Amino acid sequence: MSMYSLDTGMRSSVPELIRRAEIEGAVLSIEEIEELLTIADPAELDLLWQAANRVRAELIGSDIWMRGLLEFSNVCRCNCLYCGLRADNTGITRYRMSSAQILAAVDRIAKAGIGTVVLQSGEDPYWTAERLVSLIEAIKRRHDMAVTLSIGNRTESELAEFRRAGADRFLIRHETANPSLYKEFHPDSTLEDRVRQLRALKDMGFETGSGCLVGLPGQTTADLSSDIALARELNVDMFGVGPFIPHPDTPLREASGGTALMTYKMIAVARLVLRDVHIPVTTALSTLEEEGREKGWARGANIVMPNATPSPYRAQYELYKNKRCIDDTLEHCLGCLSRRISSVNRTLGYGRGGSLKKGGQ
Ligand code: SAH
Ligand code: SF4
């Protein structure tokens, strides 16, 4: 283990840094966050995993909450360079679920005892604010459940309408906190837009979720530490990190993509730095590693988002290839996840699993 710094007084050693973050709740600098993200020594990595796991256990307990993910349209007007749903990709079959289909899928989520539906889509012009408001209201009339939107950029007046209609949460990753990388990969929006939206959502009383991709071409560990620092500044309620998985029908087809290891480090360091936030294990992580969920839960994560999108749409929501579990039903996924949760001695969280900053209700 590296103990170089205590003597020189210039930098803390890794064990000391982890201790300060875990026990003292020290506010780490961007450089210190980066130091944790560059840990390579297996013994130091173990210290990191264990500290993140203890902070999760102390602040949240053993519960893992499920969010039912419903990918209701794969139509997108944007051209994010990494994404299989980008408008210029003519190689996928586009679909839009009808309101009736969406409500039927939401009924199944509610029947399974899951307290949250995440309505996710590309930036689909068909789904005007008016149509979404009717959908949110219909869900709220039928079920006592949290409604989360993950539909990309919207105007502030639209966001306010969604909130009035009863939407509780909004997920919109800032993707990368490096403005020039953001510009390189997103022809349709700026990092400023996303940050402005995340702030506006908070002001309107939404619980917010941001997050980033790991392993974008040109992305450094300094960039990743800025991703965690930005989430801290935005006081997000949830932080989702997933490895970038190159899609063959996108301009980034030749890229090498993100690693599971760096994704685990981001989960663990985010837990130490952000503390009382929800951290999911993402489908992209479990696509890279079969044991991704179990390892993620043991290293700071406390959320999983089972896919509730019915066939054949689930396979057509192709952000990247080889997405896990594309042929399974929601009920099959739940059985599998419940077994995985018990296998790591954790428990299934009931209810909505709301913001930990508001007591988790
Ligand atoms: N259109 C909305 C929501 C759907 S995309 C939005 O962009 O916010 C949901 C997430 O999928 C994005 O935030 C992005 O981080 C992730 N994603 C897209 N392409 C991916 C890829 N090739 N590998 C891994 N994650 C990807
Ligand atoms: Fe569209 Fe979201 Fe994919 Fe960008 S990441 S192309 S906004 S679905």
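Heads up: the structure comes first, above all this text.
Cut-off values and rules
Residue indices follow the written sequence of each chain, beginning from 1 at its first position. Here every chain gets a letter starting at A, and every ligand a number starting at 1, in the order they are written. Per-residue local features of the predicted model are confined to residues with pLDDT of at least 70, and side-chain atom pairs are confined, for both listing and counting, to 80 or more; whole-chain, interface and lining totals are unaffected and use all residues. Side-chain metrics in this entry use all non-hydrogen atoms of the structure; hydrogen atoms and water are not considered. When at least one non-hydrogen atom of a residue lies within 4 Å of a molecule or strand, that residue is treated as near it. The term polar contact refers here to a pair of N or O atoms within 3.5 Å; inside protein, the definition further demands a hydrogen-donor-capable atom paired with an acceptor-capable atom, and it admits residues adjacent in sequence only when both atoms are side-chain atoms. Each accessible area value is a Shrake-Rupley result obtained with a 1.4 Å probe; residue values ignore everything except the protein chains displayed when judging cover. Residues were grouped as follows: Ala, Val, Leu, Ile, Met, Phe, Trp, Tyr, Cys and Pro as nonpolar; Asp, Glu, Lys and Arg as charged; and all remaining residues, including Gly, as polar. Should DSSP find at least two bridges between two strands, the strands are regarded as paired. Strands are runs of DSSP state E lasting at least 2 residues, helices are runs of H or I lasting at least 4, and numbering of each runs from the N terminus. Contacts are residue-level and defined by heavy atoms, with any inter-residue pair within 4.5 Å sufficient. For helices, the axis comes from a line fit to the C-alpha atoms of the stretch in contact; other axes are also lines fit to C-alpha atoms, and the angle between any two N-to-C directions lies between 0 and 180 degrees.

## Remarks on the site of ligand 1
Okay, step 1: If you check the shell around ligand 1, you find 17 residues, and the closest are Tyr 82, Ser 121, Arg 173, Glu 175 and Ile 245.
Okay, step 2: With respect to ligand 1, the backbone of Ile 245 contributes an N or O atom lying 2.8 Å from a nitrogen atom.
Okay, step 3: Between ligand 1 and the protein, one listed contact pairs a nitrogen atom with a backbone N or O atom of Leu 319 at 3.4 Å.
Okay, step 4: When isolated, ligand 1 has an accessible area of 540 Å², and the protein chains bury 92% of it.
Okay, step 5: Looking at side-chain class alone, the shell around ligand 1 contains nine nonpolar, five polar and three charged residues.

## Digging into the sheet that holds strand 10 (residues 347-348)
Okay, step 1: On the basis of which strands lie adjacent, the open sheet formed by four strands has the order 8-9-1-10 and parallel pairing. Either end of the sheet is taken by a strand with one partner, and the two such strands are strand 8 (280-281) and strand 10.
Okay, step 2: Pairing of strand 1 (residues 63-66) with strand 9 (residues 303-304) involves two bridges; the strand directions are parallel. For Trp 65, the partnering residue across the bridge sits in strand 9 and is Ile 303.
Okay, step 3: Across the sheet, helix 15 (residues 330-343) touches strand 1, strand 9 and strand 10, and the angle it forms with strand 1 is around 165 degrees.

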